[in-house]
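Okay, here's what each chain looks like letter by letter:
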Amino acid sequence: MEELKNIQWFPGHMTRTKRQIQSQLKLIDAVAVILDARVPYSSCNPDLRGIINNKPRMVILNKCDMADQNETKKWIKAFKDRGIYAVAVDCKSGRGLNMFIPTVKNLLADKIKSWESKGMTGRTIKVMVVGIPNVGKSSFINRMAKQNRAKVEDRPGVTRGNQWFTIGKGFELLDTPGVLWHKFDDKQVGERLAYIGSVKDEILDTEHLAGRLLEYLRDNNMEQLCARYKIDGEEIADLQGYEILEAVGKKRGMLITGGEVNTERAAAAVLDEFRNATLGKITLDKAEECKYVKI
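Draft legend 1. Just the overall build of the protein, in detail. When you go through the protein residue by residue, the secondary structure sums to 13 helices and 6 strands. Here the protein holds 295 residues, and the buried ones make up 52% of them. Look at the contacts in the protein between residues 6 or more apart in sequence, and 72% of them connect residues 24 or more apart. Surface accessibility of the protein: about 14200 Å² in total, with carbon and sulfur atoms responsible for 46%.

See below:
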């Protein structure tokens, strides 16, 4: 998808966000990096390591309810093997959220011990929450704060400024706007971020995007694809993405005058059903890619 690779979209608010994050580093003790459990590699901003410098960091694999459970376990182990704390959470149900504070305390164990030795028992722990658009930062903070104070919307780029939230005695979170990097050098990363909705559909050819997703699902999740759309696997084995999209639209009765398939409508349906896991619990990035995550 060449247009994704060549997009350079670093608008002013993205530059300001980087500056905002860096200006707040002196106030925080650790960084919680939220990734989408379906695409842990693709959803990690490669500029992040340079932005947060050497601050202690941990990983939150959000939306684990939409990802393949076995793959999520592999990702957590892969991060652990790199010496990085990682927890899987589902902000909708609250699953895994009880692991967050204990994990941060483990991460900061030496620092907490040092504080206590200086008589600073109970010192407030301040954690910055970072992540690209649409990975669920605000949903995570809302659940942790037990109130809907952080704005939540299922579209990228909603949070605009830094906000502090108290999530318990002696524990505060700093929310930050999502920040993407200036362009995608890896075409596959760009596509996968578009699949999960971190790139605005308005700037994309959604029919081509849905076709590419269908090709991936045909090659890697054939059973789930065929079950959802009542398609014969043998019939789509050699088809191109757009042709699979037409087959989906035809099965769904998405026709226009003359009996042609409304591929725009079919594309919207495919992308929506992947994004809300109606297509099944699918992980696109495999744990073998963990070694490439710059965090």
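Draft legend 2. A look at the pairing of strand β5 (residues 163-168). For β5 and strand β6 (residues 171-175), the ladder comprises 5 bridges, and the chain directions are antiparallel. Residue pairing across strands places Thr 166 opposite Glu 172, the latter belonging to β6. If you look at the hairpin formed by β5 and β6, you'll find 2 residues sitting between the two strands, and Gly 170 has a positive phi there, around 75 degrees.

Draft legend 3. Summary view of the packing of helix α12 (residues 241-251) against helix α13 (residues 263-275). Packing of α12 against α13 leaves a shortest axis separation of 9 Å and a crossing angle of 90 degrees. Viewed along their axes, α12 and α13 adopt a mutual orientation that is roughly perpendicular. Here α12 contributes Tyr 242, Leu 245, Glu 246, Val 248 and Gly 249 to the contact with α13, which in turn contributes Thr 263, Ala 266, Ala 267 and Val 270. Tallied by class, the residues present in the contact of α12 with α13 amount to 6 nonpolar, 2 polar and 1 charged.

Draft legend 4. Main features of the confidence of the model for the protein. Looking at the protein as a whole, the pLDDT averages 88, with 88% of positions reaching at least 70. Here helix α1 (residues 2-6) is the element of the protein with the lowest mean pLDDT, 50, and strand β3 (residues 86-88) is the one with the highest, 98. Every residue in residues 5-12 scores below 50 in pLDDT, and together they form 20 contacts with partners more than four places removed in sequence or on other chains. The low-confidence segment residues 152-159 (pLDDT under 50) makes 20 contacts with residues lying over four places distant or belonging to another chain.

Draft legend 5. Representation of unusual backbone geometry in the model. Even without glycine at this site, Lys 63 takes up a positive phi of about 60 degrees. Among the structural elements, Lys 63 can be located in the loop between β2 (57-62) and α4 (69-81).

Draft legend 6. Up close: the pairing of strand β4 (residues 125-130). Counting buried positions along β4 gives 5 out of 6 residues, so the element sits mostly inside the fold. Direction of pairing for strand β1 (residues 30-36) relative to β4: parallel, over a ladder of 4 bridges. Each bridged residue has a counterpart across the sheet, and for Ala 30 the counterpart in β4 is Val 127. Direction of pairing for β4 relative to β6: parallel, over a ladder of 5 bridges.

Draft legend 7. How the structure looks around the pattern of salt bridges. In this structure the tally under the stated criterion is 12 salt bridges. A salt bridge links Lys 77 to Asp 81, with the shortest nitrogen-to-oxygen separation between them at 3.0 Å. Taken as a pair, Lys 77 and Asp 81 lie in helix α4 at a separation of 4 residues, close to a single helical turn. You can call Lys 77 exposed: its relative accessible area is 51%. The salt bridge partner of Glu 191 is Arg 212, with a shortest N-O separation of 2.8 Å. Here Glu 191, found in helix α8 (residues 187-196), pairs with Arg 212, found in helix α9 (residues 206-220); they are 21 residues apart in sequence, far enough to count as distant. On the accessibility criterion, Glu 191 (4% relative accessible area) is buried. Each of Glu 191, Arg 212 and Glu 215 takes part in one network of salt bridges that share partners.

Draft legend 8. Spotlight on the packing of aromatic side chains. Summed over all chains, the structure comprises 4 aromatic pairs. Relative to Phe 171, the ring of Phe 100 lies with its centre 6.0 Å away and its plane at 70 degrees, an arrangement referred to as edge-to-face. Of this pair, Phe 100 sits in helix α5 (residues 100-107) while Phe 171 sits in strand β6; the two residues are 71 residues apart in sequence, bridging distant segments of the chain. Phe 100 sits in the buried class, given a relative accessible area of 1%. Their ring planes at 75 degrees and their centres at 6.5 Å tell us that Tyr 195 and Phe 274 sit as a pair that is edge-to-face. Placement of Tyr 195 in helix α8 and of Phe 274 in helix α13 is noted, with a sequence separation of 79 residues between them. By relative accessible area, Tyr 195 is classed as buried at 3%. Accessibility expressed as a relative area gives 2% for Phe 274, which makes it buried. These aromatic residues form a ring-pair network of at least three members: Phe 100, Phe 140 and Phe 171. Looking at Arg 123, its charged tip hangs above the ring of Trp 115, at a distance of 4.0 Å from the centre. A cation over an aromatic ring shows up here: Lys 126 above the ring of Trp 164, its NZ or CZ 5.4 Å from the ring centre.

Rules used throughout
- Residues numbered from 1 in each chain as written.
- Predicted model: local features only at pLDDT ≥ 70, side-chain atom pairs only at ≥ 80, totals over all residues.
- Heavy atoms only, no water.
- Helix = DSSP H or I, 4+ residues; strand = E, 2+ residues; numbered from the N terminus.
- Buried < 20%, exposed > 50% of the residue type's maximum accessible area, 1.4 Å probe, protein only.
- Contact = heavy atoms within 4.5 Å.
- Areas by Shrake-Rupley, 256 points an atom, 1.4 Å probe, with all protein chains shown as cover.
- Pairing = 2+ DSSP bridges.
- Axes fitted to C-alpha atoms, helices over the stretch in contact; angles between N-to-C directions.
- Parallel < 35°, antiparallel > 145°, perpendicular 65-115°, else oblique.
- Nonpolar A, V, L, I, M, F, W, Y, C, P; charged D, E, K, R; others polar.
- pLDDT = per-residue confidence, 0-100.
- Salt bridge = Lys/Arg side-chain N within 4 Å of Asp/Glu carboxyl O.
- Phe/Tyr/Trp six-rings, centres within 6.5 Å; stacked < 30°, edge-to-face > 60°.
- Lys NZ or Arg CZ within 6 Å of the ring centre and 35° of its normal.

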